[in-house]
Amino acid sequence: MSNKSARSLSTIISRTFAWLFFVGGIVGAVLGIAGLHVEITVAGLILACTAGLILLKLRTGGSGGSETE
């Protein structure tokens, strides 16, 4: 039971950080667009896209690409 709760806690922490990075990336991209700074915009979009992919993987259970399990 403790293994399941530890896994659940790590999942919650992972999702929280992924959401924070996602929102931070979106905010960075918006600020970059508003200030006409291409580098900040691109960095924000890269951060948001990467965090979004991580959130999608966490949503599916993080099976690591094995679809037979």
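Here is what the cut-offs are and how they apply
- Residues numbered from 1 in each chain as written.
- Predicted model: local features only at pLDDT ≥ 70, side-chain atom pairs only at ≥ 80, totals over all residues.
- Heavy atoms only, no water.
- Patch = residues over 30% accessible without salt bridge, like charges linked within 9 Å, V, L, I, M, F, W, Y side chains within 5 Å.
- Areas by Shrake-Rupley, 256 points an atom, 1.4 Å probe, with all protein chains shown as cover.
- Salt bridge = Lys/Arg side-chain N within 4 Å of Asp/Glu carboxyl O.
- Helix = DSSP H or I, 4+ residues; strand = E, 2+ residues; numbered from the N terminus.
- Phe/Tyr/Trp six-rings, centres within 6.5 Å; stacked < 30°, edge-to-face > 60°.
- Buried < 20%, exposed > 50% of the residue type's maximum accessible area, 1.4 Å probe, protein only.

Caption draft 1: Molecular detail of a nonpolar patch on the surface. A cluster of nonpolar side chains, contributed by Leu9, Ile13, Phe17, Leu20, Phe21 and Leu47, occupies part of the molecular surface with about 590 Å² of accessible area. In terms of residue count, the dominant contributor to the nonpolar patch is helix α1 (residues 2-34) (five residues). Of note, Leu9 is situated in helix α1.

Caption draft 2: Region of the structure containing the packing of aromatic side chains. Per the counting criterion, the structure on display carries one aromatic pair. Ring geometry for Trp19 versus Phe22: centroids 5.7 Å apart, planes at 90°, classification edge-to-face. One end of the pair, Trp19, and the other, Phe22, are both in helix α1, three residues apart, so they sit about a helical turn from each other. Trp19 sits in the partly exposed class, given a relative accessible area of 48%. Classification of Phe22 by relative accessible area gives partly exposed; the value is 26%.

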